[in-house]
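An overview of the molecular structure
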Amino acid sequence: MQDSSRRPSVNSVPPDGWSGQAAGPAGSDRLGQPPVAGPEVAQPGRGQVAATAAASPTPSVVDLDMLYKETGRLYVELSRSSGLSACAYWVMYAIEVGGGTATQRQIIDRIYYPKQTVNSAVRSLEGKGLLVLAADDADRRSKLVTLTEAGRAFARRHLDPAMQAEARAFASLGPEKAARLMSLANEYARAVHAEVEAMGCASPTDGAVFQGEAGA
C-alpha cells in the first residue's frame, strides 16, 4: 500500500463501532499537482485516468501523478470505511505487515508520515485499545507497538482483505511485468528524490525512501 501537514483525527469510539472521516494518505499524492480544472475543463472521473494516460502518445509526469492519485483515492476510501483517519489506518497496516509488532521507527519508514503525526496516531490507537506500547529490549530508546486482540480483529476485518486484494492485483501482472514495474518505480523514485533533495526540500532522515532501505 501507499500522503504533509494533515494531522490524524482518530475518533474515540469502541473497537467494534468505527466511525469517522479520513484524510489523504501520506505519499499518495507523490510530487507535482494535476492540472487545475477551469470552467470548461472537466476533471477525469474515477477509472478514466488510466485510460487517458494510456491513450496519450507521450505520457507525462502529470499522467503518472494522476495515476498515483487515483490509486491513493482508493486507500482514502478504505481508511474511511474502517472508521479511522488515513494515518491511523496506515499505522495499523504497518504493524500488520510486520506480523503484528513493529517499532515506531519501522512504522514511520513504512508509511512516510512525519514522526509527530505517527506518534499522535499511535497514542490515539492505544487509547482505543487497538495496540499497546512496550519498551524494546533491543533498544531501550525505542518502543515496540503491538496489536491487541481488538487490533487483530480490526486487521482481520479491514486490513487483511485489502492486502489480499493488493496481492491479487500485483500477481495479475505476472512475474516479468511485476519485476519490471518494481525496477522502474524504484528508479523513478531515486531520480525524483535526487532532484528534490538538490532543491533542499528533502531529507534522508525523514524516513526510508526506497523499498529495501528501510530499517528492518
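Here is a short report on the structure shown in this document. (Residues numbered from 1 in each chain as written. Predicted model: local features only at pLDDT ≥ 70, side-chain atom pairs only at ≥ 80, totals over all residues. Heavy atoms only, no water.)

When helices and strands are counted, the protein shows 7 helices and 3 strands. When the helices and strands of the protein are placed in sequence order, the string is α-α-α-β-α-α-β-β-α-α. Across the 216 residues of the protein, 35% fall into the buried class. Here the protein displays about 12,300 Å² of accessible surface, and carbon together with sulfur accounts for 55% of that area. (Helix = DSSP H or I, 4+ residues; strand = E, 2+ residues; numbered from the N terminus. Buried < 20%, exposed > 50% of the residue type's maximum accessible area, 1.4 Å probe, protein only. Areas by Shrake-Rupley, 256 points an atom, 1.4 Å probe, with all protein chains shown as cover.)

Below, the discussion takes up the packing of aromatic side chains. Evaluation of the coordinates by the stated rule reveals 3 aromatic pairs. Judged by centre distance (5.4 Å) and plane angle (55 degrees), the rings of Tyr 75 and Trp 90 are tilted. One end of the pair, Tyr 75, is in helix α2 (residues 61-82); the other, Trp 90, is in helix α3 (residues 86-97), and 15 residues separate them in sequence. Across the pair, exposure class does not vary: Tyr 75 and Trp 90 are buried alike. With centroids separated by 5.2 Å and ring planes inclined at 75 degrees, the aromatic side chains of Trp 90 and Tyr 93 adopt a geometry described as edge-to-face. Note that Trp 90 and Tyr 93 are positioned in helix α3 at a spacing of 3 residues, about one turn of the helix. For Trp 90, a relative accessible area of 3% translates into the label buried. In this structure Tyr 93 comes out as buried when scored by relative accessible area, which is 13%. (Phe/Tyr/Trp six-rings, centres within 6.5 Å; stacked < 30°, edge-to-face > 60°.)

Turn by turn, an α-helix covers 3.6 residues, leaving residues three or four places apart pointing in a common direction. Spanning 23 residues, helix α6 (residues 149-171) covers 30 Å between terminal C-alpha atoms, matching the ideal 33 Å at 1.5 Å per step. Helix geometry: α6 is bent most strongly at Arg 156, by close to 45 degrees. Where α6 is concerned, the buried positions are Gly 151, Phe 154, Ala 155, His 158, Leu 159, Asp 160 and Ala 162. Against the buried residues of α6 lie α2, α3 and β3 (139-147). (Expected span 1.5 Å × (residues − 1). Bend = angle between axes of the 7 residues up to and from the residue. Contact = heavy atoms within 4.5 Å.)

Residue Tyr 112 is not a glycine yet carries a positive backbone phi of 65 degrees. Its place among the elements puts Tyr 112 in the loop between α4 (104-111) and α5 (115-127). The partly exposed category is assigned to Tyr 112, whose relative accessible area is 41%.

Counting 30 residues, the largest nonpolar core has Val 91, Met 92, Ile 107 and Leu 131 as its most contacted members. Elements represented by at least two residues in this core include exactly α3, α4, α5, β2 (131-136), β3 and α6. The biggest single contributor to this core is α3, with 10 residues. Sequence-distant contacts of Met 92, that is, excluding residues within four places in its chain, are made with Leu 84, Leu 125, Leu 130, Leu 131, Leu 147, Gly 151, Phe 154 and Leu 159. (Core = buried A, V, L, I, M, F, W, Y, C linked by side-chain atoms within 4.5 Å.)

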